[in-house]
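Take a look at the letters that make up each chain.
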Amino acid sequence: MTSDRMGERILILAPVGQDAPSMAAVLQAHEFAPHVCETPLDACEELPKGAAALLLTDEALACPRIPDLMQALGAQPAWSELPLIVLTRGGESRWIRLLNLLAEAAGSMTVLERPIGEATLVRSVEVALRSRRRQYQVRDLLEAQRAAHEKVRDSEEKYRTVAERLRLAMTGAQMGAWEIDLRTGRVVWDARQHSIFGLPPSSGPETMDGFFALVHPDDVDRIKRATADAEVSTQFSDEFRIVRPDGEVRWIAGHGVTVTDAAGRPARMVGVNYDITDRKAAHARLEQFAVELEREVAERTQELVSSQEQLRALATELNLTEQRERKRLAAELHDHLAQLLVLVRLKLSQAKQGPVVRSLEMLEQAEEVVNECLKYTRNLVAELSPPVLHQFGLFAALRWLGEQMQRYHLQVTVRTDVTEDLRLPDDQAVLLFQSVRELLINAAKHAVSKQASIVSEERDGCLRIVVEDHGVGFDLLAMATQKTVSQSSKFGLFSIRERMHAMGGRLELRSSPGTGTRATLILPLAADRERAAEAPTWDEGTPASARSGPQKKVFGQGPCRVLIADDHVMVRQGLRSVLESFTDIVVVGEAANGAEAVELCDQLKPTVVVMDINMPVMSGIEATARIKTRHPDVIVIGLSVNASGENQDAMRTAGATRLLTKEAAVEHLYGAIQGALKGMETSDACR
């Protein structure tokens with residue numbers, strides 16, 4: 001690249017993504033000379049080599065060494081105002097303060113909102129290049145003036161011409177001209193010089209002592225030495241402060257040269273002063289901003305290090321918690337369930353020995369123990385993964401959780417103010433449920449509180465769940481800065497905050513010693529959130545006859561046809577063996593999930609469907625609703641390990657005749673089928 005091309009280079013600072021290579025390729029295709037800078041320091045090194053413009057993205061403003069680049073821009077020669085082209089994402093930039101400082105340092109800035117087209121980028125670069133070329137013309141003019149100054153140094157009139165050109169070239173600066181007669185000490189100022197010093201045109205100093213009286217006391221000695229040296233070196237250049245009559249302090253930059261007489265002796269000093277207070281203030285603000293930026297970077301770094309330490313400690317705590325939970329479950333299963341099963345085996349062994357009366361007694365006792373095993377298993381399953389959460393959703397699970405917290409001696413009131421059709425994705429519902437449970441357990445263990453509340457509400461497009469207690473509370477600042485302690489509530493709050501952040505939400509905490517704690521889980525709701533369907537849905541394979549309306553069934557003609565739906569093979573086999581022991585019942589099929597039950601019901605036309613609630617692919621509740629929509633006369637009898645009131649209501653709403661517990665199926669299933677058949681026949685006779 002030739003030296004001429006070096007001055008027309010386009011520097012690109014875009015540290016993120018493919019912005020830099022893409023823009024460089026576009027500019028090179030239009031015969032520009034792009035140069036990609038990896039860091040702000042690279043840009044600082046390239047500026048003295050020559051540049052027509054600096055093109056940077058708003059990501060570059062986040063670089064740690066960006067103050068160095070701003071300082072380099074501010075240190076450019078007086079003729080130079082390197083054009084800046086900044087690409088932003090639009091809206092009010094969070095870097096607006098830094099952009100203002102860049103504009104003050106560089107003097108010219110164009111802001112383009114992304115995305116931008118190739119034509120916009122090329123036109124912006126062309127405008128910047130034209131501006132830069134005019135600056136180079138000014139630079140050449142100044143260099144020519146300096147060369148002319150050397151030639152006419154011995155001529156006062158020629159020097160005045162050069163000084164005037166210099167003043168005209170430096171437009172935009174408040175500048176005044178001055179002259180000192182070294183032989184008499186007389187000082188002459190022009191009108192602008194008086195204005196800079198805050199003096200009326202007729203009241204300026206007539207001698208150097210009068211001038212030094214206007215200089216700031218801390219700078220007087222230095223300016224006197226610089227003036228004395230100028231009589232020998234013929235050059236004067238310095239910056240100093242002045243004190244105006246009204247007490248205002250201003251910064252002045254002074255430049256001057258010594259003019260000799262015909263004998264070569266110093267005769268006069270002539271020069272210019274201009275006000276640089278604004279530039280000094282901008283430089284001070286830039287330095288202050290650099291200090292603040294360094295402090296903020298240090299704080300953010302410390303936050304990141306602290307967060308990493310917390311995450312590592314949390315990972316260790318999770319591993320320990322997993323091992324403790326495994327050990328607890330093993331102990332629970334060994335100390336209780338396994339012992340109960342051993343007792344069942346002993347009772348069965350005793351039943352084998354007879355006599356019959358003794359055997360029946362042992363079997364009854366074994367049955368009682370089995371019922372205890374089932375009850376214990378239901379409680380353990382509910383503790384690990386509550387079925388109510390997956391079957392009825394988050395808000396029903398929160399009501400169930402409020403009841404379960406009584407085991408921790410915590411009374412919880414639950415209020416739900418959301419639309420009935422609000423449904424959350426399973427992953428969000430599970431994480432919110434776990435977070436609320438963690439907050440309630442913290443309230444019971446650490447807050448020394450006997451009462452708490454859960455309030456769910458939908459507001460401003462967000463789901464807000466507020467968990468509040470009236471316990472001892474805690475100091476938020478102290479907890480945020482204390483050393484992490486294993487098994488402390490701080491881990492729970494940190495985990496909840498990270499979970500909410502991962503879902504795009506947040507956790508808000510409000511607490512202080514003695515006032516309790518209020519935790520708010522806030523989750524934005526998607527615009528296309530899932531809503532409960534108001535009309536029945538049909539599968540593609542649904543027969544037209546099923547869609548057209550109810551189909552009448554005829555009862556009392558042959559044995560009752562039964563379809564069994566359960567996802568456990570052994571349960572299906574057990575139910576089949578129980579039902580086939582009755583001569584008026586025939587099992588026509590078995591389904592392993594809800595969707596298969598709907599399909600087999602269409603094919604086999606059973607009289608009764610024995611339906612498990614909790615099945616994969618499609619739950620028994622949804623399958624029951626679809627079957628009753630297609631075949632209203634089919635009798636559905638539900639089975640569940642947990643026949644709670646909510647499950648009862650759900651199955652009854654779906655159309656089931658009744659819901660039995662699985663342990664009661666052996667004794668009551670046949671009677672339930674017969675009762676449902678008689679009820680259906682009576683209803684049919686009345687019609």
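Residues numbered from 1 in each chain as written. Predicted model: local features only at pLDDT ≥ 70, side-chain atom pairs only at ≥ 80, totals over all residues. Heavy atoms only, no water.

### Points about the packing of helix H21 (residues 620-630) against helix H22 (residues 645-654)
One way to put it is that H21 packs onto H22 with a least axis distance of 8 Å and a crossing angle of 20°. When the axis of H21 is compared with that of H22, the two are roughly parallel. For the pair formed by H21 and H22, the contact residues are Gly620, Ile621, Thr624, Ala625 and Lys628 on the first element and Ala650, Met651 and Ala654 on the second. Split into classes, the residues belonging to the contact of H21 with H22 amount to five nonpolar, two polar and one charged. (Axes fitted to C-alpha atoms, helices over the stretch in contact; angles between N-to-C directions. Helix = DSSP H or I, 4+ residues; strand = E, 2+ residues; numbered from the N terminus. Parallel < 35°, antiparallel > 145°, perpendicular 65-115°, else oblique. Contact = heavy atoms within 4.5 Å. Nonpolar A, V, L, I, M, F, W, Y, C, P; charged D, E, K, R; others polar.)

### Topic: the side chain of Ser511
By the element assignment, Ser511 lies in strand E14 (residues 506-511). In terms of polar contacts, Ser511 uses its side chain to reach the backbone carbonyl oxygen of Gly516, at 3.0 Å. Of note is the side chain of Ser511, whose polar atom sits 3.0 Å from the side chain of Thr517. (Polar contact = N/O pair within 3.5 Å; in protein donor to acceptor, adjacent residues only side chain to side chain.)

### What about the packing of aromatic side chains?
Applying the stated criterion to the full structure yields eight aromatic pairs. Through successive ring pairs, a cluster of aromatic residues spans Trp189, Phe197, Phe211, Phe212 and Phe240. Above the ring of Trp251, the side-chain terminus of Lys280 is found at 4.4 Å from the ring centroid. (Phe/Tyr/Trp six-rings, centres within 6.5 Å; stacked < 30°, edge-to-face > 60°. Lys NZ or Arg CZ within 6 Å of the ring centre and 35° of its normal.)

### A few points about the pattern of salt bridges
Under the definition given, this model contains 31 salt bridges. The salt bridge partner of Glu179 is Arg268, with a shortest N-O separation of 3.4 Å. You can see Glu179 sitting in strand E6 (residues 175-181) and its partner Arg268 sitting in strand E10 (residues 266-275), a full 89 residues away along the chain. For Glu457, the salt bridge identified is with Arg464, shortest N-O distance 4.0 Å. Judged by its relative accessible area of 18%, Arg464 is buried. Residues joined in a network through salt bridges with shared partners are Asp19, Asp58, Glu59 and Arg114. (Salt bridge = Lys/Arg side-chain N within 4 Å of Asp/Glu carboxyl O. Buried < 20%, exposed > 50% of the residue type's maximum accessible area, 1.4 Å probe, protein only.)

### A word on the nonpolar core
Ranked by internal contacts, the top residues of the largest apolar core, which has 37 residues, are Leu394, Leu432, Val436, Leu440, Leu463, Ile465 and Leu521. The set of elements that each furnish at least two residues to this core consists of helix H13 (387-392), helix H14 (394-404), helix H15 (426-445), strand E12 (451-459), strand E13 (462-469), helix H17 (489-502) and strand E15 (517-524). Residues contacting Leu463, with those up to four places away along its chain left out, are Leu394, Phe395, Val418, Leu422, Leu424, Leu432, Glu457, Leu521, Ile522, Leu523 and Leu525. Among the nonpolar cores identified, the runner-up in size contains 27 residues, and Ala60, Leu98, Leu102 and Phe289 belong to it. (Core = buried A, V, L, I, M, F, W, Y, C linked by side-chain atoms within 4.5 Å.)

### Concerning empty space enclosed by the protein
Enumeration over the complete set of coordinates arrives at two cavities of 30 Å³ or more. Together, 13 residues line the largest cavity, and Trp178, Ile180, Met208, Phe211 and Asn273 are the ones closest to its centre. Taken together, the elements giving at least two residues each to the lining of the largest cavity come down to E6, strand E7 (187-189), helix H9 (208-212), helix H10 (220-233), strand E8 (235-243) and E10. Considered class by class, the residues forming the lining of the largest cavity number ten nonpolar, three polar and no charged. (1 Å grid on protein atoms, 1.4 Å probe; cavity = no way out; pocket = protein on both sides within 12 Å on 5 of 7 lines; lining within 4 Å. Points joined across faces, edges and corners; volume = space filled by probe spheres on them.)

### Details of the sheet that holds E14
Ordered in space as E11-E12-E13-E15-E14, the five strands form an open sheet in which the pairing is mixed. The open sheet has two free edges, formed respectively by strand E11 (411-417) and E14, since each of these has just one partner strand. Taken over all neighbouring pairs, the strand axes of this sheet differ in orientation by 15° on average, direction set aside. Two elements, E13 and E15, share eight bridges in a ladder whose sense is antiparallel. (Pairing = 2+ DSSP bridges.)

### Thoughts on helix H2 (residues 19-29)
Within the span of H2, buried status applies to Ala20, Met23, Ala24 and Leu27. The buried side chains of H2 occupy one side of the element, clustering within an arc of 105° when seen end-on. After H2 finishes, the residue Glu31 shows a positive phi value of roughly 65°. (Arc of directions from axis to C-beta.)

### With respect to the packing of helix H20 (residues 594-604) against H21
At their nearest, the axes of H20 and H21 sit 9 Å apart, and the two run at 15° to each other. Regarding the angle of H20 to H21, the classification is roughly parallel. Considering only the axes of H20 and H21, their crossing is right-handed. On H21, the residues that touch Gly594, Ala597, Val598, Cys601 and Asp602 of H20 are Ala623, Arg626, Ile627 and Arg630. Across the contact of H20 with H21, the residue classes break down as five nonpolar, one polar and three charged. (Left-handed = near helix turned anticlockwise from the far one by under 90°.)

### Let's talk about a negative patch on the surface
On the surface, Glu364, Glu367, Glu368 and Glu667 cluster together into a patch of negative charge. Ranked by the residues each element gives to the negative patch, the list is headed by helix H12 (residues 356-384), at three residues. The topology assignment puts Glu667 in helix H23 (residues 665-686). (Patch = residues over 30% accessible without salt bridge, like charges linked within 9 Å, V, L, I, M, F, W, Y side chains within 5 Å. Areas by Shrake-Rupley, 256 points an atom, 1.4 Å probe, with all protein chains shown as cover. Lys, Arg positive; Asp, Glu negative; His and termini not counted. Charge placed at Lys NZ, Arg CZ, Asp CG, Glu CD.)

### Some thoughts on the confidence of the model for the chain
The predicted model of the chain averages 79 in pLDDT, with 83% of residues at 70 or higher. Per-residue pLDDT stays below 50 along residues 168-172; that stretch engages in four contacts with residues further than four places along the chain or on separate chains. Of the regions scoring below 50 in pLDDT, residues 528-556 engages in 44 contacts with residues more than four places distant in sequence or in other chains. (pLDDT = per-residue confidence, 0-100.)

### A few points about the sheet that holds strand E18 (residues 608-612)
On the basis of which strands lie adjacent, the open sheet formed by five strands has the order E17-E16-E18-E19-E20 and parallel pairing. A single partner strand is all that each edge strand has here, and the edge strands are strand E17 (585-591) and strand E20 (658-661). Adjacent strand axes in the sheet meet at a mean angle of 25°, parallel and antiparallel pairs treated alike. Its contacts with the sheet put H20 on strand E16 (560-565), E17 and E18, and the angle it makes with E17 is roughly 135°.

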